[in-house]
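# Fold and geometry: a report
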Amino acid sequence: MTLAVERVPEELSARVPAEQRGPERDRDDVRLLVSRGTEVAHHAFRELPGLLRAGDLLVVNTSPTLAAAVDGRVGHARVVAHFSTRGDDGRWAVELRDPDGKGTTRARAGGPAGTEVRLAGDVRLALEEPLSPGSGRLWWARVSPAGAVPELLREYGRPIRYSYTERDQPLSVYQTVFALPSADGSGSAEMPSAARPFTAGLVAELVSRGVQFAPITLHTGVASAEAHEPPYPERFAVPEASARLINAVRSARGRRAGGRVIAVGTTAVRAVESAAGANGVVRARAGWTDLVVTPARGVRVVDGLLTGLHEPEASHLLMLEAVAGRAAIGRGYDEALDGRYLWHEFGDVHLLLPEEH
């Protein structure tokens, strides 16, 4: 779907994290737009515990954010390599971008095959083929020496940053409270940002009120602000304990007024829906998912979604429509624009809940 506006007004981009916008502020100092069908309400994110109920289940992504941007050169030209996704064969999907002289980057034509990129630490990339047919933006690259990327990112990497943000931030700013280190160095090229407003204190309050959490992992790749392609295949895992918990909540709901399965972020939707059968039963699964959740496909597991605000042409809006319906999304975004909500990873959030009957 598309929204009534073609571009979000520049002044509605969140330029710095909430905790840097004033004294004594924290991550949860953002606004929360709540949609129940076409009924819309405005809240502070700190009010979330009062908007959920005992028995609700939040599905949260534990993927850590990588310092995925590294400076390099192609010949004499300076470039920035964004490391997106580690393949099973040891290659990495990368996007090369041009520095813009302002601390951020701009889009750059991808390829051609055989291009060599020289990086810090004497690491080399050799571009081999586009990530998918017809895509010139992301390329599979062979890394030498093999296995060098985790150390490269730790030593020389920085978080991917786009031009709407004000300045570079430390990696800790891009980690959510749910992030767990990955044994093989894998992670997300860009933060699973719907979970960013959660603090340890807020999580404790939710638990004390009977809200449950089901951890999953989905390592998300790069999604440049200039390009709104459908999501690429991504690595995910739904552990057995989380699958059992999700199924138990859905089963209880079938017997009585039980809890709701609410995904925290579009990454959580993609992971859990990829692990569900046609009957909605979730099984433990790990591997790659190429699932694109659309209104035609629908959702089988999730009842609600907590998510950031997406650009008008973003493919994620189709997932939101699958969860809540076109009318609800259109009304919610009209309210967000009228209410001057803030967009992007440091911005405000949107809670989509089922209509109350």
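Higher on the page you've got the structure.
For every chain, the first residue of the written sequence is number 1, and numbering continues from 1 along that sequence. At least 70 in pLDDT is required for a residue's local features to be given in this predicted model, at least 80 for side-chain atom pairs to be given and counted, and no such filter applies to totals for whole chains, interfaces and linings, which use all residues. As a rule here, side-chain values come from all non-hydrogen atoms in the structure, and water together with hydrogens is ignored.

Attention now moves to helix H2 (residues 149-156). The buried label goes to any residue with under 20% of its type's maximum accessible area, the exposed label to any with over 50%, and the partly exposed label to all in between, with areas taken from a 1.4 Å probe on protein chains only. Numbering of helices and strands runs from the N terminus; a helix is a DSSP stretch of H or I covering at least four residues, while a strand is a stretch of E covering at least two. Looking only at H2, the buried set comprises Val149, Leu152 and Leu153. Buried residues along H2 cover an arc of 95 degrees about the axis, so they all sit on one side. Residues of H2 that are exposed and angled more than 90 degrees away from the buried face: Glu151, Arg154 and Glu155. Residue contacts are counted whenever heavy atoms from the two residues lie within 4.5 Å of one another. Taken together, the buried residues of H2 touch strand S4 (69-74), strand S5 (77-86), strand S6 (92-99), strand S8 (116-119), strand S9 (123-130) and strand S10 (138-144). The directions from the helix axis to the C-beta atoms form the arc being described.

Let us look at the sheet that holds strand S14 (residues 285-289). Pairing is mixed in the open sheet, where nine strands are placed in the order S2-S1-S16-S15-S13-S3-S11-S12-S14. In this open sheet, the two strands that pair with only one neighbour each are strand S2 (39-44) and S14. Looking at each pair of strands side by side, their axes are set apart by 20 degrees on average, direction ignored. Note: two strands are recorded as paired if DSSP finds a minimum of 2 bridges between them. In this structure, strand S12 (residues 234-238) lies alongside S14, joined through five bridges in antiparallel fashion. Note that in S14 the partner of Glu234 across the bridge is Thr289. Axis definition: a line fitted to C-alpha atoms, limited for helices to the stretch in contact. Angles are taken between N-to-C directions and run from 0 to 180 degrees.

Moving on to the side chain of Gln169. Among the structural elements, Gln169 can be located in the loop between H2 and helix H3 (200-208). Residue class for Gln169 comes out buried when judged on its relative accessible area of 9%. Polar contacts, as used here, are pairs of N or O atoms within 3.5 Å; protein pairs need one atom able to donate a hydrogen and one able to accept it. Residues neighboring in sequence count only if both atoms are side-chain atoms. Within the structure, Gln169 has its side chain in polar contact with the side chain of Gln20 (distance 2.8 Å). In contact with Gln169, not counting residues within four places along its chain, are Val16, Pro17, Gln20, Pro159, Tyr174 and Phe346.

A separate point is the side chain of Ser186. Counting through the fold element by element, Ser186 comes out in the loop between H2 and H3. For Ser186, a relative accessible area of 6% translates into the label buried. At 3.2 Å, the side chain of Ser186 and the side chain of Arg86 are in polar contact. A distance of 2.9 Å separates polar atoms of two side chains, one belonging to Ser186 and the other to Asp184. Non-local contacts of Ser186, meaning those with residues more than four positions away in its chain, are made with Pro64, Leu66, Arg86 and His219.

The next point concerns the environment of Val238. Here Val238 is to be found in strand S12. With a relative accessible area of 2%, Val238 lands in the buried category. Counting along the chain gives 185 residues from Val238 to Arg53, while the straight-line C-alpha distance between them is 24 Å. Those residues in contact with Val238, other than ones at most four positions away along the chain, are Ile216, Ala243, Ala271, Val272, Ala275, Val282, Arg283, Ala284 and Arg285.

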